[in-house]
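If you want the building blocks of each chain, they are given just below.
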Amino acid sequence: YSKDQRAFMLVRQGSTADSLRLKIDASEGSPVFNPAFVIKNWGDGGAALKLNGRQIEPGKKFRFGHYRRIDGTDLIVWIETQSTEPVEIVLLQVKR
């Protein structure tokens, strides 16, 4: 987690992976509150989100954008969700 960016920092390994699956073990003592992620080397593709198995369309509850660097493109994701229970997040790369 980067306090400067207020986001979880992840790195995409290789160019063949087209999805990211993660589980946040939220609890009463450590709740999830509107998490943000920076995924280095995601590429120019967009993203589709499944939150706890439900498809979430881009809009008010799910936003993403790209940060273009000289050596690659990162994906920045923000999800509106609050939970004291574990949360499963699946991000799928959408080709442009």
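Placed above this text is the structure.
Residues numbered from 1 in each chain as written. Predicted model: local features only at pLDDT ≥ 70, side-chain atom pairs only at ≥ 80, totals over all residues. Heavy atoms only, no water.

Draft legend 1. Focus on the packing of aromatic side chains. This model, assessed by the stated rule, comprises three aromatic pairs. On the numbers, 5.7 Å between centres and 35 degrees between planes, the contact of Phe-62 with Phe-64 is tilted. The class for Phe-64 is partly exposed, based on a relative accessible area of 31%. (Phe/Tyr/Trp six-rings, centres within 6.5 Å; stacked < 30°, edge-to-face > 60°. Buried < 20%, exposed > 50% of the residue type's maximum accessible area, 1.4 Å probe, protein only.)

Draft legend 2. Spotlight on the environment of Asp-71. Mapped onto the secondary structure, Asp-71 falls in the loop between strand 7 (62-69) and strand 8 (72-79). Placed 30 residues apart in sequence, Asp-71 and Asn-41 show a C-alpha to C-alpha distance of 8.5 Å. At 2.5 Å, the side chain of Asp-71 forms a polar contact with the side chain of Arg-69. (Helix = DSSP H or I, 4+ residues; strand = E, 2+ residues; numbered from the N terminus. Polar contact = N/O pair within 3.5 Å; in protein donor to acceptor, adjacent residues only side chain to side chain.)

Draft legend 3. Molecular detail of the sheet that holds strand 1 (residues 8-11). One open sheet holds the four strands; their spatial order is 1-4-8-7, and the pairing between them is mixed. Strand pairing shows two members of the sheet lacking a second neighbour, strand 1 and strand 7, which therefore form its edges. In this sheet, adjacent strand axes meet at a mean angle of 20 degrees when their direction is disregarded. When strand 4 (residues 36-40) meets strand 8, the two strands line up antiparallel, connected through four bridges. In the sheet register, Ala-36 faces strand 8, and the bridge partner there is Trp-78. (Pairing = 2+ DSSP bridges. Axes fitted to C-alpha atoms, helices over the stretch in contact; angles between N-to-C directions.)

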